[in-house]
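Below, each chain spelled out in residue letters.
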Amino acid sequence: MKNLLTGGIIFNNIKQAQTEFANLGILTRTNFPSNEFSLYCGGGLLELVVCPTSVNQLIQIVNIIKKNSLDYLVIGACGNTLIKDTGFSGVTIMTQYLKGISHRNNTLYAGAGDKLNILSKKAMSCGLSGFEPLTGIPASVGGACVMNAGAFGTEMSQLIKDITYIDFFDSRLKKTFAGNLPFKYRHTNGFFDDKIITSVSFKLTSDDTSKIKARCISALETRKLTQPSKPSLGCVFKKAKGISAGYYIEKAGLKGFRIGGAQISQMHANFIVNTGNGNASNYIRLVEISENQVLEKFNIKLEREIIVKG
Ligand SMILES: Cc1cc2nc3c(=O)[nH]c(=O)nc-3n(C[C@H](O)[C@H](O)[C@H](O)COP(=O)(O)OP(=O)(O)OC[C@H]3O[C@@H](n4cnc5c(N)ncnc54)[C@H](O)[C@@H]3O)c2cc1C
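No experiment lies behind these values; they were computed from the predicted model shown. (Residues numbered from 1 in each chain as written. Predicted model: local features only at pLDDT ≥ 70, side-chain atom pairs only at ≥ 80, totals over all residues.)

Points about the packing of helix 3 (residues 116–125) against helix 5 (residues 209–226)
1) Next: Contact pair helix 3 / helix 5: the axes reach a minimum separation of 8 Å and the direction vectors enclose 150°. Regarding the angle of helix 3 to helix 5, the classification is roughly antiparallel. Across from Ser120, Met124 and Ser125 in helix 3, the residues of helix 5 making contact are Thr209, Ile212, Lys213 and Cys216. (Axes fitted to C-alpha atoms, helices over the stretch in contact; angles between N-to-C directions. Helix = DSSP H or I, 4+ residues; strand = E, 2+ residues; numbered from the N terminus. Parallel < 35°, antiparallel > 145°, perpendicular 65-115°, else oblique. Contact = placed C-beta atoms within 7 Å.)

See the structure below:
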């Protein structure tokens, strides 16, 4: 029988998996409200959350998920992912404890769960340049690689040397050089859909720490001036015809439009912000209205950057 989220009662395969995780000493939590950590501060319950603290644990988790035929989801910083209000049934793997930043010469190493901003600071303190334009993107290293996150003309793909991941197919740890990966504008063509990134290495260039610091501060200041500070998932849509989707949404008269506690930002129409009690349904409705209005008025089909699960 398929496992279902049923008001706190956990059935069959998921219960079995939970017991197996516990027997291996793996941290779990049931019916975890995603609004407690989502950067939008909204979203439904996660039926069973696991937090691996090592690659070995992650391999055990993958094997248990496969053995029990469960759905799964990987979450980094939840800066681009919205969980529907009806929740996610299955196992959610949170990468927050898969950490480890180090460097050797011009190469910086990080765990999938390390925060991009911590990595950027470390690069700065080591006199390593590359991350400055990305400073301020709220992301885990793994999530930023999958999304090929970018800002001010720089993308993760330009900095990555190689990525190590577990392949769900055979539960094995593999390493692939960046050149072999299908990096695109804000996605990786589904390459990581059946893989979990565990660590990443970056090739950077040497520069003065003071110059790197100045560029980081400049990126942060521009971000502050152009992006809303209220909880959000960043840009909702990808650029359309080379122009920010916010341009079309604003021209469609939707800036400031609100449903429940969610609002199309007054500052930047490609952001949907949570004004206090916004839920995932409010957010999704605003996404759909934006899509419909921009299609009707400009004959442009907006492509979503955010990921909706559940
Ligand atoms: C205020 C704000 C500003 C933002 N500004 C920018 C910006 O300037 N540029 C930009 O590109 N983005 C921006 N974003 C969006 C977001 O920060 C990026 O998309 C970021 O890369 C998401 O990382 P995450 O760890 O939060 O990913 P999540 O939302 O947790 O996950 C994103 C995707 O990656 C998958 N995933 C996560 N970790 C792993 C892993 N270890 N292995 C395999 N799959 C994994 C998830 O399953 C999901 O499909 C912004 C967001 C906010 C809230």
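Topic: the domain arrangement of the protein
1) Next: By domain assignment, the protein separates into domain 1 (12–94), domain 2 (102–225) and domain 3 (229–309).
2) Next: The C-alpha-based centres of domain 1 and domain 2 are spaced at 24 Å.
3) Next: Looking at the side of domain 1 that touches domain 2, the element that brings in the most residues is helix 2 (residues 55–67), giving five residues.
4) Next: Split by residue class, the side of domain 1 that touches domain 2 holds eight nonpolar, four polar and no charged. (Domains from an automatic or database assignment. Nonpolar A, V, L, I, M, F, W, Y, C, P; charged D, E, K, R; others polar.)

Here we look at the site of the ligand
1) Next: If you check the shell around the ligand, you find 33 residues, and the closest are Gly76, Gly79, Gly142, Gly143 and Gly234.
2) Next: Those elements giving two or more residues to the shell around the ligand turn out to be strand 3 (72–75), helix 4 (141–147), strand 9 (150–151) and strand 13 (195–203).
3) Next: Of the residues contributing to the shell around the ligand, the split by class is 20 nonpolar, 12 polar and one charged. (Near = placed C-beta within 6 Å.)

Overview of the nonpolar core
1) Next: By size, the foremost hydrophobic cluster in this structure holds 80 residues, and its most contacted members are Ala144, Cys145 and Ile197.
2) Next: Apart from the residues lying within four places of it in its own chain, the contact partners of Ala144 are Leu116, Ile137, Ala139, Ala149 and Met156. (Core = buried A, V, L, I, M, F, W, Y, C linked by C-beta atoms within 7 Å. Buried ≥ 20, exposed ≤ 12 C-beta atoms within 10 Å, placed from the backbone.)

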